[in-house]
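Given next are the chains, with one letter for each unit.
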Amino acid sequence: MNFPWNKKQKSASIAKDRLRIAIMTDKENENYPFMEDLKRDIIEVVKKYIEVRDIDIKKEADGEFEALSIDVQVKEK
Amino acid sequence: MIIAIISGKGGVGKTTATANIGLGIALNQRKCVVVDFDIGQRNLDMILGLENRVVYDMVQVMDGEASLKQALIKSKANENLYFLAASQTKDKSVLDSNKIKKLVDDLSEEFEFVLLDAPAGIESGYEHTIEFADTAIVIVNPEVSSIRDSDRAIGILDSKSQKVKDGGEVDKYLVINRIIPEMVESGDMLSSEDILEILNIKLLGKVAEDKGVIEASNQGTPIILDSKSMAGAAYFRIASRLCGNNIPIQEPTTTRGLVGKIKGIFS
């Protein structure tokens, strides 16, 4: 019960606040669900012109903006 | 019904839940099979007390080295319950989508309920186990790391399951395990309402922390067989709900007396 002499915040409510923020942050950092398919498609396209070694797609969030950064590594000659 | 029993991290009581829910379904006179998908970490056999009867495992069935009939083990406790063991020697990379689909299809021809004890959500092999499930039961402890990891496991379920890819939706239910009522009452453990609000899925049941669970696993007799156990009764209610019976959710209560309750009010 919340009495005035019980000022310390209970640990369960601290846990709830922390979890909310942690899960929200986890979700922001998550990949888009289509990431693997996109990766495969990009490889298909680029492969027509040059050999691909690896491809890395990242979702980046900066405030309100979201960016998709695609890093294509090509095979050395 | 193909039900994957999942969790975020390990050690939350997923295997215990699988064994007890499976046996509970069987006690409701419905045919049920429990399959241990935690390859390399075989444990369900111990909880069910069937470790000495394992001859063939599910990987051997999937590879055609043994028939289902040869590999299925009948429970000692109930004739409606069967068990299929995980492979102990191979690792999780042996799992292959097509083979899993065939195994699960074959099992659902014979059994009304197919329960898959999945590896923890953060482990490899998890994605394969959930692939062909139409229902998932998430086991969570009222504790931050378990809840956070569960959210991630649910996220993977929502993007990788075949039912979702086909435009459907996997039914998701939550079982909150290891609740300590005294701590919830004093505000030092997340309440079920808090957890449901964070994870946003339907509640299937609440199970209190129960020392009897360890004694039960020591003996290989699932706690649901102990008529005096609160946790056992909670698992029976969960299984009955899955069988379509409308049983209200019961709040685990403290067992302390009047003096303790008065103390609790002022703490």
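Predicted, not measured: the structure shown is a model, and the values here were computed from it.

Of the regular secondary structure elements, chain A holds two helices and two strands. Starting at the N terminus and walking to the C terminus, you meet the elements of chain A as α-α-β-β. Expressed as a percentage of the 77 residues in chain A, the buried residues total 3%. Pairs at least 24 apart in sequence give 22% of the contacts found in chain A among residues at least 6 apart.

Before going further, it helps to examine the overall build of chain B. When its secondary structure is counted, chain B shows 13 helices and eight strands. A globule of 267 residues ought to have a C-alpha radius of gyration of about 18 Å, and chain B, at 18 Å, matches this closely. C-alpha atoms of chain B, sized along the principal axes, occupy 65 × 40 × 35 Å. Across the 267 residues in chain B, those meeting the buried criterion constitute 47%. Partitioning the intrachain contacts of chain B with sequence separation of at least 6 by distance along the chain shows that 76% fall at a separation of at least 24.

It is worth spelling out the interface of chain A and chain B at this point. Facing the 15 residues of chain A at the interface are 15 residues of chain B. Of the residues that constitute the side of chain A that touches chain B, the class distribution is seven nonpolar, two polar and six charged.

Across its 17 residues, helix 7 (residues 144-160) of chain B extends 25 Å between first and last C-alpha, which sits within 8% of the 24 Å expected from 1.5 Å per residue. Buried within helix 7 of chain B are the following residues: Ser146, Ile147, Asp149, Ser150, Asp151, Ala153, Ile154 and Leu157 of chain B.

Residue and element names in this part refer to chain B. Within strand 5 (residues 113-117), five of the five residues are buried, leaving the element largely enclosed by the surrounding structure. Where burial is concerned, the two faces of strand 5 agree: the one with Phe113, Leu115 and Asp117 and the one with Val114 and Leu116 are both buried. As judged from the four bridges shared by strand 1 (residues 2-6) and strand 5, these two strands associate in the parallel manner. Opposite alanine 4, over in strand 5, you have leucine 116 as the bridge partner. Sheet analysis places strand 2 (residues 32-36) next to strand 5, joined by five bridges and oriented parallel. If you follow cysteine 32 over to strand 5, its bridge partner there is phenylalanine 113.

With that out of the way, let us pick up the nonpolar core. Grouped together as the largest cluster of nonpolar side chains are 83 residues, with contacts concentrated most on Ile3, Ile5, Val33, Val114, Leu115, Leu116 and Tyr235 of chain B. Excluding its chain neighbours within four sequence positions, the residues that come into contact with valine 114 of chain B are Ile2, Ile3, Val33, Val35, Val104, Leu107 and Ser108 of chain B.

To continue, consider the packing of helix 7 of chain B against helix 10 (residues 192-199) of chain B. Residue and element names in this part refer to chain B. It is at 10 Å that the axes of helix 7 and helix 10 come closest, and there the two elements cross at 35°. In this structure, helix 7 crosses over helix 10, and the sense of that crossing is right-handed. Only Ile195, Ile198 and Leu199 of helix 10 make contact with helix 7, whose side of the interface consists of Ile147, Ser150, Asp151 and Ile154. Split into classes, the residues belonging to the contact of helix 7 with helix 10 amount to five nonpolar, one polar and one charged.

Here we take up the sheet that holds strand 4 (residues 81-84) of chain B. Residue and element names in this part refer to chain B. Strand order in the open sheet made by the eight strands is 3-4-2-5-1-6-7-8, with mixed pairing throughout. At either end of the open sheet lies a strand with only one pairing partner, and these are strand 3 (73-74) and strand 8 (202-208). One ladder, built from six bridges, connects strand 6 (residues 135-140) with strand 7 (residues 171-179); its direction is parallel. Counted as the bridge partner of valine 140 is isoleucine 176 from strand 7. Across the sheet, helix 1 (residues 14-27) is in contact with strand 1, strand 2, strand 4, strand 5, strand 6 and strand 7; its angle to strand 5 comes to roughly 170°. Docked against the sheet, helix 12 (residues 230-242) engages strand 7 and strand 8, running at close to 160° with respect to strand 8.

It is worth spelling out unusual backbone geometry at this point. Generally, phi is negative for residues other than glycine and the peptide bonds are trans, each holding for most cases. All names here are of chain B. Even without being a glycine, glutamine 29 presents a positive backbone phi close to 65°. Turning to its location among the elements, glutamine 29 is positioned in the loop between helix 1 and strand 2. For arginine 178, which is not a glycine, the phi torsion comes out positive at approximately 65°. Its place among the elements puts arginine 178 in strand 7.

Rules used throughout
Residues numbered from 1 in each chain as written. Chains lettered and ligands numbered in written order. Predicted model: local features only at pLDDT ≥ 70, side-chain atom pairs only at ≥ 80, totals over all residues. Helix = DSSP H or I, 4+ residues; strand = E, 2+ residues; numbered from the N terminus. Buried ≥ 20, exposed ≤ 12 C-beta atoms within 10 Å, placed from the backbone. Contact = placed C-beta atoms within 7 Å. Rg over C-alpha atoms; globule rule 2.2 N^0.38 Å. Nonpolar A, V, L, I, M, F, W, Y, C, P; charged D, E, K, R; others polar. Expected span 1.5 Å × (residues − 1). Pairing = 2+ DSSP bridges. Core = buried A, V, L, I, M, F, W, Y, C linked by C-beta atoms within 7 Å. Axes fitted to C-alpha atoms, helices over the stretch in contact; angles between N-to-C directions. Left-handed = near helix turned anticlockwise from the far one by under 90°.

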